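# Geometric and topological summary
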Amino acid sequence: MNMKRVIRSRPGRLIAAVVLAVAVGIPLGVTGAASAATPLTVAQALSAQDGRTATVTGYVIGQPTATNTVLTSGFTADTAIALADQAGETGTSRMLYVQVTAAWRSTFGLLTNPSLRGRQVTVTGALTAYFSHGGLKNPTAMSLGGGATPSPTPTPAPTGTPDAYYAGAAGRTGPALRTALHGIIRVQTKLSYDQVWDALKDTDQDPANPANVILLYSGRSQSKTSNGGGGNDWNREHVWAKSHGDFGTATGPGTDVHHLRPEDVSVNSSRGNKDFDAGGGAVAEAPGCYTDSDSFEPRDAVKGDVARMILYMAIRYEGDDGWPDLEPDDSVSNGSAPRLGRLSKLLAWNDQDPPDTFEKRRNQRIYERWQGNRNPFVDHPEWARSIWG
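To start, this report covers the structure provided alongside it. (Residues numbered from 1 in each chain as written. Predicted model: local features only at pLDDT ≥ 70, side-chain atom pairs only at ≥ 80, totals over all residues. Heavy atoms only, no water.)

Attention now goes to helix α6 (residues 174-185). Note on helix geometry: an α-helix contains 3.6 residues per turn, so any two residues three or four positions apart are oriented the same way. Counted at 1.5 Å a residue, the expected span for α6 with its twelve residues is 16 Å, and the 17 Å between its end C-alpha atoms agrees. Within the sequence span of α6, burial applies to Gly174, Leu177, Arg178, Ala180, Leu181, His182, Ile184 and Ile185. Residues of α6 that are buried in the fold lie against α9 (303-316), β16 (327-328), α12 (376-379) and α13 (383-388). (Helix = DSSP H or I, 4+ residues; strand = E, 2+ residues; numbered from the N terminus. Expected span 1.5 Å × (residues − 1). Buried < 20%, exposed > 50% of the residue type's maximum accessible area, 1.4 Å probe, protein only. Contact = heavy atoms within 4.5 Å.)

Given below as C-alpha coordinates:
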(Lines give C-alpha, C1' and ligand atoms only; values in the text may rest on other atoms or scores of the structure.)
Protein backbone atom coordinates (compact mmCIF):
# COMPACT_ATOMS: atom_id res chain seq x y z
CA MET A 1 0.00 0.00 0.00
CA ASN A 2 2.83 2.42 0.79
CA MET A 3 4.42 1.87 -2.62
CA LYS A 4 1.08 2.38 -4.37
CA ARG A 5 0.57 5.66 -2.55
CA VAL A 6 4.05 6.86 -3.62
CA ILE A 7 3.36 5.98 -7.24
CA ARG A 8 -0.02 7.68 -7.24
CA SER A 9 0.94 10.81 -5.35
CA ARG A 10 4.41 11.57 -6.77
CA PRO A 11 4.92 9.76 -10.08
CA GLY A 12 7.19 12.46 -11.52
CA ARG A 13 9.72 12.19 -8.72
CA LEU A 14 9.78 8.40 -8.81
CA ILE A 15 10.30 8.29 -12.58
CA ALA A 16 13.05 10.90 -12.33
CA ALA A 17 14.82 8.85 -9.65
CA VAL A 18 14.63 5.70 -11.78
CA VAL A 19 15.96 7.51 -14.84
CA LEU A 20 18.89 8.96 -12.85
CA ALA A 21 19.75 5.58 -11.34
CA VAL A 22 19.76 3.90 -14.75
CA ALA A 23 21.82 6.71 -16.27
CA VAL A 24 24.64 6.40 -13.76
CA GLY A 25 24.48 2.61 -13.42
CA ILE A 26 23.17 2.37 -9.86
CA PRO A 27 21.07 -0.72 -9.02
CA LEU A 28 17.40 0.25 -8.63
CA GLY A 29 17.29 -1.13 -5.10
CA VAL A 30 20.10 1.19 -3.89
CA THR A 31 18.96 4.56 -2.57
CA GLY A 32 19.85 7.34 -0.16
CA ALA A 33 23.09 6.98 1.78
CA ALA A 34 23.83 3.65 0.13
CA SER A 35 24.05 5.28 -3.30
CA ALA A 36 26.69 7.70 -2.01
CA ALA A 37 28.69 4.74 -0.71
CA THR A 38 28.59 2.83 -3.99
CA PRO A 39 31.57 4.10 -6.01
CA LEU A 40 30.78 5.49 -9.44
CA THR A 41 33.17 5.54 -12.36
CA VAL A 42 34.32 8.92 -13.59
CA ALA A 43 32.13 8.54 -16.68
CA GLN A 44 29.09 7.94 -14.47
CA ALA A 45 29.92 10.91 -12.26
CA LEU A 46 30.26 13.18 -15.30
CA SER A 47 26.79 12.15 -16.47
CA ALA A 48 25.18 12.92 -13.11
CA GLN A 49 26.13 16.53 -12.35
CA ASP A 50 23.05 17.24 -10.26
CA GLY A 51 24.53 18.32 -6.92
CA ARG A 52 23.83 15.08 -5.09
CA THR A 53 26.44 13.37 -2.90
CA ALA A 54 28.29 10.46 -4.50
CA THR A 55 31.47 8.44 -4.15
CA VAL A 56 33.73 8.25 -7.20
CA THR A 57 36.87 6.21 -7.90
CA GLY A 58 39.39 7.22 -10.56
CA TYR A 59 43.06 7.71 -11.38
CA VAL A 60 44.80 11.00 -10.65
CA ILE A 61 45.79 12.62 -13.96
CA GLY A 62 46.94 16.01 -12.78
CA GLN A 63 45.96 19.45 -11.49
CA PRO A 64 43.10 21.21 -13.31
CA THR A 65 43.68 24.95 -13.74
CA ALA A 66 41.00 25.83 -16.33
CA THR A 67 38.07 24.25 -18.16
CA ASN A 68 40.33 22.55 -20.73
CA THR A 69 43.70 22.63 -18.92
CA VAL A 70 45.17 19.98 -16.63
CA LEU A 71 48.82 20.17 -15.49
CA THR A 72 50.60 16.81 -15.40
CA SER A 73 53.87 18.21 -13.98
CA GLY A 74 55.10 21.45 -12.49
CA PHE A 75 52.11 21.58 -10.14
CA THR A 76 51.28 25.01 -8.73
CA ALA A 77 48.74 24.36 -5.96
CA ASP A 78 47.09 21.75 -3.74
CA THR A 79 43.51 22.83 -4.45
CA ALA A 80 42.27 20.41 -7.14
CA ILE A 81 42.91 17.08 -8.84
CA ALA A 82 41.58 15.65 -12.11
CA LEU A 83 40.41 12.01 -12.10
CA ALA A 84 39.81 9.65 -15.03
CA ASP A 85 38.82 6.04 -15.54
CA GLN A 86 42.14 5.30 -17.30
CA ALA A 87 45.53 6.23 -15.82
CA GLY A 88 46.77 7.33 -19.25
CA GLU A 89 43.77 9.51 -20.13
CA THR A 90 44.60 12.74 -22.02
CA GLY A 91 41.15 14.10 -22.91
CA THR A 92 39.90 16.63 -20.36
CA SER A 93 36.29 15.90 -21.38
CA ARG A 94 36.70 12.47 -19.79
CA MET A 95 38.13 13.84 -16.53
CA LEU A 96 36.33 14.76 -13.32
CA TYR A 97 37.64 17.90 -11.65
CA VAL A 98 37.75 17.34 -7.88
CA GLN A 99 38.03 20.23 -5.43
CA VAL A 100 40.61 19.55 -2.69
CA THR A 101 39.58 21.57 0.35
CA ALA A 102 41.92 22.55 3.19
CA ALA A 103 41.31 19.41 5.24
CA TRP A 104 42.66 17.19 2.46
CA ARG A 105 45.45 19.26 0.89
CA SER A 106 48.36 17.92 2.92
CA THR A 107 47.55 14.39 1.73
CA PHE A 108 45.89 14.81 -1.69
CA GLY A 109 47.24 18.11 -3.02
CA LEU A 110 49.55 17.57 -6.00
CA LEU A 111 51.98 20.38 -5.18
CA THR A 112 52.72 18.70 -1.85
CA ASN A 113 52.28 15.12 -3.13
CA PRO A 114 53.27 15.03 -6.82
CA SER A 115 53.74 11.25 -6.68
CA LEU A 116 49.95 10.87 -6.43
CA ARG A 117 49.80 11.26 -10.20
CA GLY A 118 48.71 7.89 -11.63
CA ARG A 119 47.43 6.61 -8.28
CA GLN A 120 43.82 5.52 -7.79
CA VAL A 121 41.76 7.71 -5.47
CA THR A 122 38.26 7.34 -4.04
CA VAL A 123 36.46 10.56 -3.07
CA THR A 124 33.00 11.43 -1.74
CA GLY A 125 31.41 14.82 -2.34
CA ALA A 126 28.84 16.84 -4.28
CA LEU A 127 28.64 16.16 -8.02
CA THR A 128 28.69 19.70 -9.38
CA ALA A 129 30.69 21.75 -11.87
CA TYR A 130 34.19 22.92 -10.94
CA PHE A 131 36.18 25.25 -13.22
CA SER A 132 32.98 25.25 -15.36
CA HIS A 133 33.67 21.56 -15.95
CA GLY A 134 32.11 18.32 -14.69
CA GLY A 135 33.32 18.02 -11.14
CA LEU A 136 33.02 17.06 -7.49
CA LYS A 137 33.13 19.69 -4.74
CA ASN A 138 33.32 19.89 -0.96
CA PRO A 139 34.72 16.37 -0.40
CA THR A 140 33.76 14.66 2.84
CA ALA A 141 36.03 11.62 2.36
CA MET A 142 39.17 10.91 0.33
CA SER A 143 41.30 7.77 0.27
CA LEU A 144 43.84 6.02 -1.90
CA GLY A 145 42.43 3.14 -3.95
CA GLY A 146 39.62 1.45 -2.08
CA GLY A 147 40.75 2.82 1.27
CA ALA A 148 44.14 1.07 1.52
CA THR A 149 47.40 2.43 0.19
CA PRO A 150 48.39 0.22 -2.75
CA SER A 151 51.88 -0.25 -4.12
CA PRO A 152 52.41 1.97 -7.17
CA THR A 153 51.47 0.28 -10.43
CA PRO A 154 54.36 0.34 -12.93
CA THR A 155 53.54 2.11 -16.19
CA PRO A 156 55.67 2.83 -19.26
CA ALA A 157 57.75 5.93 -18.73
CA PRO A 158 56.99 8.84 -21.03
CA THR A 159 59.78 9.81 -23.38
CA GLY A 160 61.51 13.16 -23.55
CA THR A 161 62.77 15.64 -20.97
CA PRO A 162 60.10 17.43 -18.91
CA ASP A 163 61.05 20.97 -19.90
CA ALA A 164 58.19 22.43 -17.85
CA TYR A 165 59.64 20.85 -14.69
CA TYR A 166 62.90 22.80 -15.16
CA ALA A 167 61.31 26.02 -16.36
CA GLY A 168 62.74 27.92 -13.37
CA ALA A 169 66.28 26.87 -14.32
CA ALA A 170 66.08 27.80 -18.02
CA GLY A 171 68.99 29.89 -19.23
CA ARG A 172 70.85 29.82 -15.90
CA THR A 173 74.42 28.73 -15.25
CA GLY A 174 76.78 28.39 -12.31
CA PRO A 175 75.49 29.40 -8.84
CA ALA A 176 72.19 30.71 -10.27
CA LEU A 177 71.54 27.32 -11.88
CA ARG A 178 72.36 25.56 -8.63
CA THR A 179 69.97 27.73 -6.64
CA ALA A 180 67.17 27.24 -9.17
CA LEU A 181 67.60 23.46 -9.28
CA HIS A 182 67.58 23.20 -5.50
CA GLY A 183 64.28 25.07 -5.37
CA ILE A 184 62.79 22.71 -7.93
CA ILE A 185 63.90 19.29 -6.66
CA ARG A 186 63.45 19.94 -2.92
CA VAL A 187 59.67 19.64 -3.45
CA GLN A 188 59.19 15.91 -3.00
CA THR A 189 57.24 13.17 -1.26
CA LYS A 190 59.35 11.66 1.51
CA LEU A 191 59.41 7.90 2.05
CA SER A 192 59.91 5.82 5.16
CA TYR A 193 62.86 3.44 5.23
CA ASP A 194 60.48 0.48 4.94
CA GLN A 195 58.88 2.00 1.83
CA VAL A 196 62.32 2.09 0.22
CA TRP A 197 62.20 -1.72 -0.18
CA ASP A 198 59.12 -1.49 -2.39
CA ALA A 199 60.44 1.52 -4.24
CA LEU A 200 63.68 -0.24 -5.21
CA LYS A 201 61.80 -3.29 -6.43
CA ASP A 202 60.07 -0.94 -8.87
CA THR A 203 62.82 1.54 -9.80
CA ASP A 204 65.58 -1.05 -10.28
CA GLN A 205 63.55 -3.78 -11.93
CA ASP A 206 65.40 -5.90 -14.45
CA PRO A 207 64.01 -4.96 -17.90
CA ALA A 208 64.48 -8.58 -19.02
CA ASN A 209 62.92 -10.17 -15.91
CA PRO A 210 60.28 -8.24 -13.95
CA ALA A 211 60.67 -10.62 -11.00
CA ASN A 212 64.24 -9.40 -10.45
CA VAL A 213 66.20 -6.25 -9.66
CA ILE A 214 69.63 -5.28 -11.03
CA LEU A 215 72.29 -4.84 -8.35
CA LEU A 216 74.22 -1.58 -8.76
CA TYR A 217 77.86 -2.60 -8.36
CA SER A 218 77.56 -6.33 -9.05
CA GLY A 219 75.38 -5.91 -12.14
CA ARG A 220 73.69 -9.16 -11.14
CA SER A 221 69.99 -9.79 -11.77
CA GLN A 222 68.50 -11.10 -8.54
CA SER A 223 65.04 -11.99 -7.25
CA LYS A 224 63.13 -9.09 -5.75
CA THR A 225 62.15 -11.33 -2.84
CA SER A 226 65.75 -12.11 -1.85
CA ASN A 227 66.19 -8.84 0.01
CA GLY A 228 67.40 -9.00 3.58
CA GLY A 229 70.56 -9.44 5.62
CA GLY A 230 71.93 -12.81 4.48
CA GLY A 231 75.30 -13.09 2.77
CA ASN A 232 73.86 -13.37 -0.74
CA ASP A 233 70.75 -11.27 -0.14
CA TRP A 234 70.48 -7.74 -1.47
CA ASN A 235 70.01 -4.71 0.73
CA ARG A 236 69.77 -0.92 0.46
CA GLU A 237 73.04 0.72 -0.54
CA HIS A 238 73.39 4.40 0.34
CA VAL A 239 75.51 5.71 -2.53
CA TRP A 240 76.03 8.87 -0.51
CA ALA A 241 77.21 7.01 2.60
CA LYS A 242 74.94 8.00 5.48
CA SER A 243 77.89 8.46 7.85
CA HIS A 244 79.07 11.34 5.63
CA GLY A 245 76.77 13.80 7.38
CA ASP A 246 75.45 11.38 9.99
CA PHE A 247 71.88 11.44 8.63
CA GLY A 248 71.07 7.79 9.31
CA THR A 249 67.91 6.25 7.88
CA ALA A 250 65.35 8.71 9.20
CA THR A 251 63.01 10.14 6.58
CA GLY A 252 65.07 12.59 4.52
CA PRO A 253 68.43 11.97 2.83
CA GLY A 254 68.58 8.52 4.41
CA THR A 255 65.44 7.45 2.53
CA ASP A 256 65.89 9.40 -0.72
CA VAL A 257 65.57 6.79 -3.47
CA HIS A 258 67.55 8.91 -5.92
CA HIS A 259 70.73 7.64 -4.19
CA LEU A 260 69.53 4.31 -2.77
CA ARG A 261 70.16 1.20 -4.86
CA PRO A 262 69.90 -2.58 -4.44
CA GLU A 263 73.24 -4.29 -3.80
CA ASP A 264 74.60 -7.63 -2.62
CA VAL A 265 75.06 -7.53 1.16
CA SER A 266 78.73 -8.46 1.08
CA VAL A 267 79.56 -6.05 -1.76
CA ASN A 268 77.74 -3.29 0.09
CA SER A 269 79.93 -4.07 3.07
CA SER A 270 83.07 -3.90 0.89
CA ARG A 271 82.10 -0.42 -0.24
CA GLY A 272 81.20 0.61 3.31
CA ASN A 273 81.37 4.40 3.65
CA LYS A 274 84.37 4.92 1.37
CA ASP A 275 84.64 7.84 -1.00
CA PHE A 276 84.78 7.21 -4.76
CA ASP A 277 88.03 7.12 -6.72
CA ALA A 278 89.90 4.89 -9.16
CA GLY A 279 92.12 1.94 -8.27
CA GLY A 280 92.58 -0.77 -5.67
CA GLY A 281 92.03 -4.50 -5.64
CA ALA A 282 89.22 -6.36 -7.38
CA VAL A 283 85.96 -6.70 -5.42
CA ALA A 284 84.63 -10.24 -5.05
CA GLU A 285 81.15 -10.68 -6.57
CA ALA A 286 81.37 -7.32 -8.35
CA PRO A 287 83.32 -7.67 -11.61
CA GLY A 288 84.92 -4.42 -12.72
CA CYS A 289 84.80 -2.84 -9.25
CA TYR A 290 87.94 -2.05 -7.23
CA THR A 291 88.60 -0.88 -3.69
CA ASP A 292 91.38 0.07 -1.33
CA SER A 293 91.53 1.41 2.21
CA ASP A 294 89.84 4.74 1.48
CA SER A 295 88.03 4.54 -1.85
CA PHE A 296 85.76 2.48 -4.08
CA GLU A 297 85.61 2.34 -7.89
CA PRO A 298 82.31 1.14 -9.45
CA ARG A 299 82.16 -0.81 -12.70
CA ASP A 300 82.32 1.22 -15.92
CA ALA A 301 78.62 0.76 -16.77
CA VAL A 302 77.47 2.64 -13.66
CA LYS A 303 80.28 5.13 -13.05
CA GLY A 304 78.14 7.95 -14.40
CA ASP A 305 75.12 6.75 -12.43
CA VAL A 306 77.12 6.97 -9.20
CA ALA A 307 78.41 10.44 -10.07
CA ARG A 308 74.97 11.79 -10.87
CA MET A 309 73.51 10.39 -7.65
CA ILE A 310 76.19 12.15 -5.61
CA LEU A 311 75.67 15.43 -7.48
CA TYR A 312 71.90 15.16 -6.98
CA MET A 313 72.37 14.81 -3.22
CA ALA A 314 74.57 17.90 -3.13
CA ILE A 315 71.92 20.02 -4.87
CA ARG A 316 68.92 18.56 -3.02
CA TYR A 317 70.37 18.87 0.50
CA GLU A 318 71.72 22.38 1.00
CA GLY A 319 71.30 22.59 4.78
CA ASP A 320 68.12 24.67 4.70
CA ASP A 321 65.60 22.01 5.80
CA GLY A 322 67.10 20.58 8.98
CA TRP A 323 69.44 18.15 7.20
CA PRO A 324 73.21 18.56 6.67
CA ASP A 325 74.57 20.63 3.79
CA LEU A 326 75.98 17.87 1.58
CA GLU A 327 78.77 18.72 -0.87
CA PRO A 328 81.24 16.77 -3.03
CA ASP A 329 84.90 17.63 -2.69
CA ASP A 330 88.20 16.35 -4.08
CA SER A 331 89.18 14.36 -1.01
CA VAL A 332 88.95 10.67 -0.07
CA SER A 333 89.48 11.41 3.63
CA ASN A 334 86.14 12.96 4.54
CA GLY A 335 85.31 10.84 7.57
CA SER A 336 81.98 11.86 9.08
CA ALA A 337 81.91 15.31 7.48
CA PRO A 338 78.95 15.97 5.11
CA ARG A 339 81.37 15.71 2.19
CA LEU A 340 82.06 12.99 -0.37
CA GLY A 341 84.72 12.67 -3.06
CA ARG A 342 86.52 12.56 -5.29
CA LEU A 343 84.80 15.37 -7.20
CA SER A 344 87.23 15.50 -10.13
CA LYS A 345 86.76 11.77 -10.70
CA LEU A 346 82.96 12.02 -10.37
CA LEU A 347 82.82 14.76 -13.00
CA ALA A 348 84.98 12.65 -15.32
CA TRP A 349 82.70 9.64 -14.80
CA ASN A 350 79.65 11.77 -15.56
CA ASP A 351 81.25 12.66 -18.91
CA GLN A 352 82.50 9.14 -19.59
CA ASP A 353 79.26 7.25 -18.86
CA PRO A 354 76.19 9.26 -20.00
CA PRO A 355 72.68 8.28 -18.83
CA ASP A 356 71.40 5.07 -20.42
CA THR A 357 67.85 3.75 -20.81
CA PHE A 358 67.85 2.04 -17.41
CA GLU A 359 68.95 5.19 -15.57
CA LYS A 360 66.46 7.39 -17.44
CA ARG A 361 63.62 4.99 -16.71
CA ARG A 362 64.61 4.92 -13.05
CA ASN A 363 64.56 8.72 -12.85
CA GLN A 364 61.13 8.83 -14.46
CA ARG A 365 59.76 6.12 -12.17
CA ILE A 366 60.89 7.95 -9.04
CA TYR A 367 59.29 11.12 -10.36
CA GLU A 368 55.98 9.53 -11.33
CA ARG A 369 55.48 6.89 -8.67
CA TRP A 370 57.49 7.63 -5.55
CA GLN A 371 58.98 11.02 -4.78
CA GLY A 372 57.64 13.43 -7.40
CA ASN A 373 61.08 14.95 -8.02
CA ARG A 374 63.82 14.27 -10.53
CA ASN A 375 67.62 13.99 -10.68
CA PRO A 376 68.48 16.95 -12.93
CA PHE A 377 71.83 15.46 -13.91
CA VAL A 378 70.14 12.46 -15.51
CA ASP A 379 68.03 14.81 -17.63
CA HIS A 380 70.86 17.31 -18.20
CA PRO A 381 74.30 15.79 -17.47
CA GLU A 382 75.92 18.94 -18.88
CA TRP A 383 74.69 20.89 -15.87
CA ALA A 384 77.33 19.18 -13.69
CA ARG A 385 80.16 21.05 -15.44
CA SER A 386 78.13 24.26 -15.43
CA ILE A 387 77.91 24.12 -11.63
CA TRP A 388 81.22 22.53 -10.61
CA GLY A 389 83.42 23.43 -13.59
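Turning next to the pattern of salt bridges. A full pass over the atoms with the stated rule returns 19 salt bridges. Its salt-bridge partner being Glu89, residue Arg94 comes within 3.0 Å of it at the nearest N-O pair. Taking the relative accessible area as the measure of exposure, Glu89 reaches 15% and is therefore buried. Taking the shortest distance from any N to any O, the salt bridge between Glu327 and Arg178 comes out at 2.4 Å. (Salt bridge = Lys/Arg side-chain N within 4 Å of Asp/Glu carboxyl O.)

Next up on the list: the sheet that holds strand β14 (residues 290-291). Taken in spatial order, the four strands of this open sheet run β12-β15-β14-β13, and their pairing is mixed. Here the strands that pair on one side only, and so sit at the sheet edges, are β12 (275-276) and β13 (281-282). (Pairing = 2+ DSSP bridges.)

As paired strands, strand β4 (residues 96-99) and strand β6 (residues 135-144) are joined by two bridges and run parallel to one another. Within the sheet, the bridge partner assigned to Tyr97 lies in β6 and is Gly135. Relative to β6, strand β5 (residues 120-127) runs antiparallel, the two being bridged by six bridges. If you follow Val123 over to β6, its bridge partner there is Met142.

The next thing to look at is the nonpolar core. The biggest cluster of nonpolar side chains holds 42 residues, and the ones touching the most others in it are Leu181, Tyr217, Val239, Phe276, Phe377 and Trp388. Elements represented by at least two residues in this core include exactly α6, α9, α10 (343-352) and α13. It is α9 that contributes the most residues to this core, nine residues altogether. Once residues lying within four places of it in the same chain are set aside, the contact partners of Val239 are Leu216, Tyr217, His259, Arg261, Arg271, Phe276, Val306, Met309, Ile310 and Leu340. Within the second largest apolar cluster, 22 residues are counted, among which are Leu40, Ala45, Phe108 and Val121. (Core = buried A, V, L, I, M, F, W, Y, C linked by side-chain atoms within 4.5 Å.)

Glancing now at unusual backbone geometry. Look at the link from Gly341 to Arg342: it is a cis peptide, with omega at 5°. By the element assignment, Arg342 lies in the loop between β17 (339-340) and α10. Although it is not a glycine, Phe131 adopts a positive phi angle of roughly 55°. Tracing the sequence through the fold places Phe131 in the loop between β5 and β6. Look at Asn138: it is not a glycine, yet its phi comes out positive at around 50°. Along the chain, the position of Asn138 falls in strand β6.

To continue, consider the pairing of strand β10 (residues 234-238). Judged by how many residues are buried, β10 sits mostly within the fold: five of five residues are covered. Looking at chain direction, β10 and strand β11 (residues 260-264) are connected through five bridges and run antiparallel. Paired with Arg236 across the bridge in β11 is Pro262.

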